[in-house]
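# Summary of structural features
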Amino acid sequence: MDSAGTAPAPGGAGPRVGFLGLGTMGGPMCRRLVEAGYSVTAYDLDAGALAAVVEAGAAAAESAGHCARGADLFMTSLPGPPQVEAVMTGAGGALGVMSPGSVWVDLTTNSRELVLELASTAPERVAVVDSPVTGAVDGARRGELTLFVGGESEPVAVARPVLQHLGTVIDCGPLGAGNVVKLVTNQLWFAAAAALGEGLAVGVANGVELRTLWEAILNSVGDSFVARHDAPSIFAGHYDPSFPLALCVKDLGLLADLEASVDADLPVTAAARSAFERAAARYGLDAGEMCVARRIADDARMSMRLEGDWTPHWEK
């Protein structure tokens, strides 16, 4: 058994995997599948990222189509809908060259509507599963992600043994439901991230030492994943560049499409969206997600830095 508690695929047994998108999350996920014993063919426009997984044991594809052709399970991990659409459609698009009986698993945080649209154009007997992930880079490296899976039972059953090497698989319903659930979890994450910066500012401005305040939050009803996992990036002053504000703004935009189905005001989500848009306007889309708290500290002319061994989570 591997560290995720799943049986390996000895000697390359099991489905042949094509893995496209070897960025911050995709690279570690691809390497875990190689380490689990799957036969993996990988591709990325970044030659360095591709070389890293080839060194780990993957085979290098020459293009997206080459990566998808011949794969039993073709997996994509990309920044967002435009990249997925560009890779999967058009001349030489990966979807059109997939073999009958194969399954495309999209790990991207994506638009439900785009996933459904692409699935409707898939070749005969090519199935589609959406499986966006959460758990950050450290979760990807350790196989401790949570994967939100949407799709029909048969292709999900094919994909599940492979996905379990990446973390905990949660069946969310029909195709597209995985992305709905992922975006809801990000909706709550972003609201908590924006609120954490405000809470720290209020405490510090009123004379509470920052470390004492943080320890109190961790041992109270104010505790959260954000307080435990993301606050150290504020204290270290790097604000977590592994998840840039560009992705926060992108996901909040995808959420807006889903919010249109709710016949009510959603003021907390609207406030979180505004907070992240202000941070992106101030520091740029490449800045780390917790710059949503940096903006408050900078405006208030206060420090949220703390001495300590704040090892970045992507190095753990």
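Higher on the page you've got the structure.
Residues numbered from 1 in each chain as written. Predicted model: local features only at pLDDT ≥ 70, side-chain atom pairs only at ≥ 80, totals over all residues. Heavy atoms only, no water.

Time to look at the overall build of the chain. Within the chain one finds 13 helices and 9 strands. Taken against the 2.2 N^0.38 rule, which gives 20 Å for 316 residues, the C-alpha radius of gyration of the chain at 20 Å falls within 12% of a compact globule. Dimensions of the chain, computed from the C-alpha atoms along their principal axes, are close to 65 × 45 × 35 Å. Here the chain holds 316 residues, and the buried ones make up 50% of them. In the chain, the proportion of contacts linking residues at least 24 apart, taken out of those at least 6 apart, comes to 66%. For the chain, the computed accessible surface area is about 13900 Å², with 54% contributed by carbon and sulfur atoms. Treating the 21 positive side-chain charges of the chain as one cloud and the 37 negative ones as another, the clouds have centres 4 Å apart. (Helix = DSSP H or I, 4+ residues; strand = E, 2+ residues; numbered from the N terminus. Rg over C-alpha atoms; globule rule 2.2 N^0.38 Å. Buried < 20%, exposed > 50% of the residue type's maximum accessible area, 1.4 Å probe, protein only. Contact = heavy atoms within 4.5 Å. Areas by Shrake-Rupley, 256 points an atom, 1.4 Å probe, with all protein chains shown as cover. Lys, Arg positive; Asp, Glu negative; His and termini not counted. Charge placed at Lys NZ, Arg CZ, Asp CG, Glu CD.)

In this section: the pattern of salt bridges. In the structure shown here, the tally under the stated rule is 11 salt bridges. A salt bridge links Asp138 to Arg142; the shortest N-O distance between them is 3.7 Å. Residue Asp138 and its partner Arg142 are located together in helix 6 (residues 136-142), separated by 4 residues, close to a single helical turn. Residue Asp138 is classed as buried on the basis of its relative accessible area, which comes to 6%. (Salt bridge = Lys/Arg side-chain N within 4 Å of Asp/Glu carboxyl O.)

Residue placement: Met29 occurs in helix 1 (residues 26-35). Under the relative-accessibility criterion, Met29 is labelled buried at 0%. Considered as a pair, Met29 and Leu107 are 78 residues apart in the sequence and their alpha carbons are 10 Å apart. Not counting chain neighbours up to four residues away, the residues in contact with Met29 comprise Phe19, Ser77, Leu107, Val133, Ala140, Leu145 and Leu166.

Moving on to the environment of Arg31. With respect to the helices, strands and loops of the structure, Arg31 is situated in helix 1. Sequence spacing of Arg31 and Gly57 is 26 residues, and the spatial spacing of their C-alpha atoms is 8.0 Å. Not counting residues up to four positions away in its chain, the partners in contact with Arg31 are Ala52, Val53 and Ala56.

Counting 42 residues, the largest nonpolar core has Leu196, Leu200, Ile234, Phe235, Phe276, Met290 and Met304 as the members making the most contacts within it. Among the elements of the structure, helix 8 (177-205), helix 9 (210-218), helix 10 (225-236), helix 11 (245-259), helix 12 (267-283) and helix 13 (291-300) are those that each provide at least two residues to this core. Of the residues forming this core, the biggest block, 8 residues, is contributed by helix 8. Ignoring sequence-local partners within four residues, the contact set of Phe276 consists of Phe190, Ala193, Leu245, Cys248, Val249, Leu252, Glu289 and Val292. (Core = buried A, V, L, I, M, F, W, Y, C linked by side-chain atoms within 4.5 Å.)

Further remarks concern the packing of helix 9 against helix 10. Orientation of helix 9 relative to helix 10, taken along the N-to-C sense of each, is 170 degrees, at an axis distance of 11 Å. When the axis of helix 9 is compared with that of helix 10, the two are roughly antiparallel. Where helix 9 crosses over helix 10, the handedness of that crossing is right-handed. Contacts between helix 9 and helix 10 pair Leu210, Trp214, Ile217 and Leu218 from the former with Ala227, Arg228, Ala231, Pro232 and Phe235 from the latter. (Axes fitted to C-alpha atoms, helices over the stretch in contact; angles between N-to-C directions. Parallel < 35°, antiparallel > 145°, perpendicular 65-115°, else oblique. Left-handed = near helix turned anticlockwise from the far one by under 90°.)

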